[in-house]
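Given next are the chains, with one letter for each unit.
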Amino acid sequence: MTDSLNSYAPPTGDMSAQEFRRFGHELIDWISDYFERIEELPVLSQIEPGDLKAQLPTAPPQKGEAMSDIIADVNRLIVPALTHWSHPSFFAYFATSTSAPGIFGELLSAAFDNKAMLWRTSPASTELEEVTLDWLRQMMGLDAGYSGLIYDTASVSSMHAIAAAREGVELRIREEGMSGRTDLPLLRVYVSEQSHSSIEKGVIALGLGQRALRKVSTDTEFRMNVHELKRAIVEDKAKGYIPFCIVATVGTTSTSSIDPVPDIIPIGEEHAMWLHVDAAYAGSAAVVPELRHVLKGCDRADSVAVNPHKWLFTPFDLSVLYCRHMDLLRRAFALVPEYLKTPEQERVRNGSDYGIQLGRRFRALKLWMVIRYFGQEGLAARIREHCRLAKLFASWVEESAEWELLAPVPLGLVCFRACSGANAEDPRLRNRRLDVLNEAIMHGVNATGKALLSHTRLNDKLTLRLSIGNIRTTEKHVREVWELLNQQFEKLK
Ligand code: PLP
C-alpha cells in the first residue's frame, strides 16, 4: 500500500468514488495496453490443468484486500491462464471477438445492474432490446413479422424455440408434462447430422429424450439431405409419431455449410411443423448485402437464432431469437405470481414471460453501441474482409500440392488438411496416417503460441479448421499462420 487511495474496502458501503475513478481509469488503460501487446501473448494458455487453482488460496479472504493487489494478481495469475480469444491469430472454433464499443456497453450494463424481468424493472433494457433487435432484423433483411428476444447463448435460444414449437402441438405438455402419459406418442425433431450438439441438448433438457431427435444425412457439401428429411417424416408419421419441428442450420459448426432452407420450407408447411433455423454463426453474414442470400428462405421459417457474440463483434454473451409466434413462446413460459404483477403488464413486454430466466441482463446496450459505432456498413466491411481472407487462405491451400480443401468455403471458415507425405494404397490406412500427421501439425502450430487452430472430422478425415472472425485479424496474421502450418508440415512429414 503506497498511498491512501490504495486502501481496503470501507467497513460499510462500496468503494469510494475517488478510488473507483482512479482504478476505473487504470483498468481502461490496462485494457488498452492489453490490446496493444496482445500479440506478444501466447494465444493458447500455456498452463497445465490445476496450475491456477494451485496458486489460489483455498479459503476466502476474511478482510478486504487492496484493489491494487487484486489487479496485480490479474496480471500475475489470471492473464497466464487465459486463452486469448481477442488475439488476432485466434483461428479456432468460430473465432469471435469483442470490440471497444461492446466493452463500453458491458461496463455500463454492469454499473446499471438492471434485472430486466419486467418492463418496469428496466424500461430502458426492454425497449432498447426491441428497437435494437428490429434494427438487426432490418440489417439482415429478415421479414417484419419476426420479433426478437435476447438470450445468453444460441443453445438457449434454440431450446426456447423448440419449446415454443412443442407448445404449438397442443398436447398440454406445459400442464401435464410428458412422463407417465400413455396418450403421448413419440414427438420428433429433425436435424442434419451436421447440426450443433446444442439442439440435442435442448431436446434432452425439454424432456423429449434423445430418441426424439432424428438425424438426417447430408450431401457432399454437408447440407441437409432434403429427400431423406421428407422420407423420415413420412415414415415416422406412419408409425404414429408426431413430427413437430425441423431445425435447419445456416452455417454448420464443422464446415459452415448452409442447409437448403427454401427446399425445407414446403416440407415443414406440408406437415404443419415448426421450422427453426440455427444461424448462430452465419446469420451475421446477412448484414453484408451481397451475402444476404445465406438467409434465403428464412422469411418463411418460424424462428431463427443468430449470435451477435459470434460474428458481430459483441462481447459474449448475446444471442438473438427471432420468432414469429411470440404468443406460443409466452404460452410455454409465462408464469406470473402476485409479486410480479404490474399495472402496465397488458401494454408492455415483460422479458421473463418468454423464457425460464426471471432476471435478464441488459445485453441490448452493448449491441446497440456496437451497431451505432460501426454502422451497418462498418460491420459489413469487417465481415466482408474476413470472407476475403478465408478465400485467400483457401486459394493457397488449393494451389499447393501438399494441402487440400475438405469443404467449400462460403464464408470465413476454411476446412483443410495436409495431404501428402502419407503413402499407402489403402485409402483408410492413408487417412489414418494423415490424421496423425494433421493432428501433430495442429498441436505443433498451437504449441508455438503464435496461432490457434481447431479441428473436426469430415468424411472420416481429421480436418483442420481455420476460422476468421476476429476484429483484429488482418492479412498479415493469415499469412503468418500459413507459414507456421508449412513449417510444421516440413518438420513432421
Ligand atoms: N449453433 C451453431 C451452429 C454453433 O456453431 C454454435 C457454437 O459454435 C452453437 C449453436 C452454440 O452456440 P452458443 O455457445 O451460443 O450456445
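Here, every reference points to the structure presented above.
Heads up: these notes are all about the structure in this document. (Residues numbered from 1 in each chain as written. Predicted model: local features only at pLDDT ≥ 70, side-chain atom pairs only at ≥ 80, totals over all residues. Heavy atoms only, no water.)

1. Details of the overall build of the protein
Counted only if it meets this: Runs of E in the DSSP output that reach at least two residues are strands. Runs of H or I that reach at least four are helices, and both are numbered from the N terminus. C-alpha atoms define the radius of gyration, and 2.2 Å times the number of residues to the power 0.38 defines the globule rule. The buried label applies to any residue whose accessible area, calculated with a 1.4 Å probe on protein chains only, is under 20% of its type's maximum; exposed applies above 50%, and partly exposed to all values in between. Any pair of residues with heavy atoms lying within 4.5 Å of one another is described as a contacting pair. Computed with a 1.4 Å probe, the accessible areas rest on the Shrake-Rupley method; for each residue, only the protein chains presented here act as cover. Asp and Glu are treated as the negative residues and Lys and Arg as the positive ones, with His and the ends of the chain left uncounted. To locate a charge, take atom NZ for lysine, CZ for arginine, CG for aspartate or CD for glutamate.
Secondary structure summary: the protein contains 15 helices and 11 strands in total. A compact globule built from 493 residues should have a C-alpha radius of gyration of about 23 Å, and the protein, at 25 Å, falls within 12% of that. When its C-alpha atoms are laid out on the principal axes, the protein stretches across 80 × 75 × 45 Å. Across the 493 residues that make up the protein, the buried fraction comes to 52%. In the protein, the share of contacts with a sequence separation of at least 24, taken over all contacts with a separation of at least 6, comes to 73%. For the protein, the exposed area adds up to about 23,100 Å²; of that, 53% sits on carbon and sulfur atoms. Side chains of the protein give 56 positive and 63 negative charges; the mean places of these two sets differ by 3 Å.

2. Some points on the pattern of salt bridges
Side chains carrying opposite charge are able to pair once their charged atoms draw close together. Selection rule: The salt bridge criterion pairs a side-chain nitrogen of Lys or Arg with a carboxyl oxygen of Asp or Glu, the two atoms within 4 Å.
Enumeration according to the criterion identifies 36 salt bridges in this entry. A salt bridge links E170 to R331; the shortest N-O distance between them is 3.1 Å. Linking E170 in the loop between α6 (154-167) and α7 (173-176) with R331 in helix α12 (residues 326-333), this pair joins segments that are 161 residues apart in sequence. The class of E170 is exposed, set by a relative accessible area of 52%. According to the relative accessible area criterion, R331 is partly exposed, its value standing at 36%. A salt bridge links E475 to R479; the shortest N-O distance between them is 2.7 Å. Linking E475 with R479, this pair stays in helix α15 (residues 475-492), spanning 4 residues, or about one helical turn. Classification of E475 by relative accessible area gives partly exposed; the value is 24%. With relative accessibility at 39%, the residue R479 sits in the partly exposed group. When salt bridges with common partners are traced through the structure, they connect E106, D317, R361, R363 and K366 into a single cluster.

3. Comments concerning the pairing of strand β2 (residues 187-192)
In plain terms, the rule: Only strands joined by at least two bridges in the DSSP assignment are considered to pair. Here the term right-handed applies to a crossover when the path leading from its first strand over the helix to its second strand runs clockwise, the strands being oriented away from the viewer.
β2 sits mainly inside the fold: 6 of its 6 residues count as buried. In β2, alternate side chains face the same way, and those of L187, V189 and V191 on one face and R188, Y190 and S192 on the other are all buried. Examined bridge by bridge, β2 and strand β4 (residues 242-249) share 4 bridges and lie parallel to one another. Across the sheet, the residue bridging to V189 is C245, located in β4. Of the pairings in the sheet, the one linking β2 to strand β3 (residues 213-216) comprises 4 bridges and is parallel in character. Directly across from V189, in β3, lies its bridge partner L213. Handedness of the crossover joining β2 and β3 through helix α8 (residues 197-205) is recorded here as right-handed.

4. So, the sheet that holds strand β1 (residues 147-151)
Under the convention used in this document: Whenever a helix is involved, its axis is fitted only over the stretch in contact; in every case the axis is a line through C-alpha atoms, and angles between N-to-C directions fall within 0 to 180 degrees.
Pairing within the open sheet is mixed, and its 7 strands lie in the order β1-β7-β6-β5-β4-β2-β3. Looking at strand neighbours, the two that pair on one side only are β1 and β3, the edges of this open sheet. In this sheet, neighbouring strand axes are inclined to one another by 20° on average, regardless of whether the strands run parallel or antiparallel. Bridge count between strand β5 (residues 274-279) and strand β6 (residues 303-306): 4 bridges; the pairing is parallel. Counted as the bridge partner of H276 is S303 from β6.

5. With respect to the side chain of T126
Considering the arrangement of structural elements, one finds T126 in helix α5 (residues 123-140). Apart from the residues lying within four places of it in its own chain, the contact partners of T126 are L118, W119 and R349.

6. Notes on the site of the ligand
Threshold: Proximity is defined per residue: if any heavy atom of the residue lies within 4 Å of a molecule or strand, that residue is considered near it. Residues adjacent in sequence count toward polar contacts only when both atoms are side-chain atoms; beyond that, a polar contact is any pair of N or O atoms within 3.5 Å, and within protein one must be able to donate a hydrogen and the other to accept it.
In the vicinity of the ligand, 13 residues are found, and the nearest of them are A154, S155, T253, D278 and N307. Here an oxygen atom of the ligand sits 2.8 Å away from a polar atom, N or O, in the main chain of A154. Between the ligand and T253 there is a distance of 2.8 Å, counted from an oxygen atom to a side-chain nitrogen or oxygen. Contact with the protein chains hides 87% of the accessible area of the ligand, taken as 390 Å² for the molecule alone. When residues of the shell around the ligand are traced back to their parent elements, those giving at least two are α6 and α11 (308-311).

7. Quick word on the side chain of N438
Here N438 lies in helix α14 (residues 427-447). Residue classification places N438 among the buried residues on the basis of a relative accessible area of 0%. Polar contacts involving the side chain of N438 include one to the main-chain amide nitrogen of A418, which spans 2.6 Å. With residues up to four places along the chain from it excluded, the contact list for N438 reads W403, R417, A418, L462 and L464.

8. Considerations on helix α3 (residues 67-78)
Residues of α3 that are buried: S68, I71 and L77. Of the surrounding elements, those touching the buried residues of α3 are α1 (17-37) and α2 (51-55).

9. With respect to a nonpolar patch on the surface
For clarity, the cut-off: To count toward a patch, a residue needs a relative accessible area over 30% and no salt bridge; like charges are then connected within 9 Å, while nonpolar side chains (Val, Leu, Ile, Met, Phe, Trp, Tyr) are connected within 5 Å.
A cluster of nonpolar side chains, I28, F104 and L107, forms an exposed patch at the surface whose accessible area comes to about 260 Å². Relative to the assigned elements, F104 resides in helix α4 (residues 100-112). With a relative accessible area of 40%, F104 lands in the partly exposed category.

10. Comments concerning the sheet that holds strand β11 (residues 461-467)
One open sheet accounts for 4 strands, arranged β8-β9-β11-β10; its pairing is antiparallel. The open sheet has two edge strands, β8 (403-405) and β10 (454-458), and neither has a second partner. Averaged over neighbouring strand pairs, the angle between their axes works out to 40° when direction is ignored. The pairing of β8 with strand β9 (residues 413-418) spans 3 bridges and is antiparallel. Across the sheet, residue E404 finds its bridge partner in β9, namely R417. Relative to the sheet, α15 contacts β8, β9 and β11, its axis offset from that of β8 by approximately 125°.

11. As for the packing of α4 against helix α13 (residues 364-399)
Packed helices, taken two at a time, are described by their axes: the angle between them and the distance between them. Definition in use: Here roughly perpendicular refers to angles of 65 to 115 degrees, roughly parallel to angles under 35, roughly antiparallel to angles over 145, and oblique to all remaining angles. Helix crossings get a hand from a simple test, with the near helix turned counterclockwise from the far one by less than a right angle marking a left-handed crossing and a clockwise turn marking a right-handed one. Under this grouping Gly is polar, as are all residues other than the nonpolar Ala, Val, Leu, Ile, Met, Phe, Trp, Tyr, Cys and Pro and the charged Asp, Glu, Lys and Arg.
At a minimum axis distance of 8 Å, the contact between α4 and α13 shows a crossing angle of 150°. The orientation of α4 relative to α13 falls into the category roughly antiparallel. Judged by the sense of rotation from one axis to the other, the crossing of α4 with α13 is right-handed. Of α13, the residues touching α4 (which contributes P101, G102, F104, G105, E106, L108, S109 and F112) are L365, K366, M369, V370, Y373 and F374. Of the residues that constitute the contact of α4 with α13, the class distribution is 9 nonpolar, 3 polar and 2 charged.

Such coordinate-based values are descriptive only and should not be taken to indicate function.
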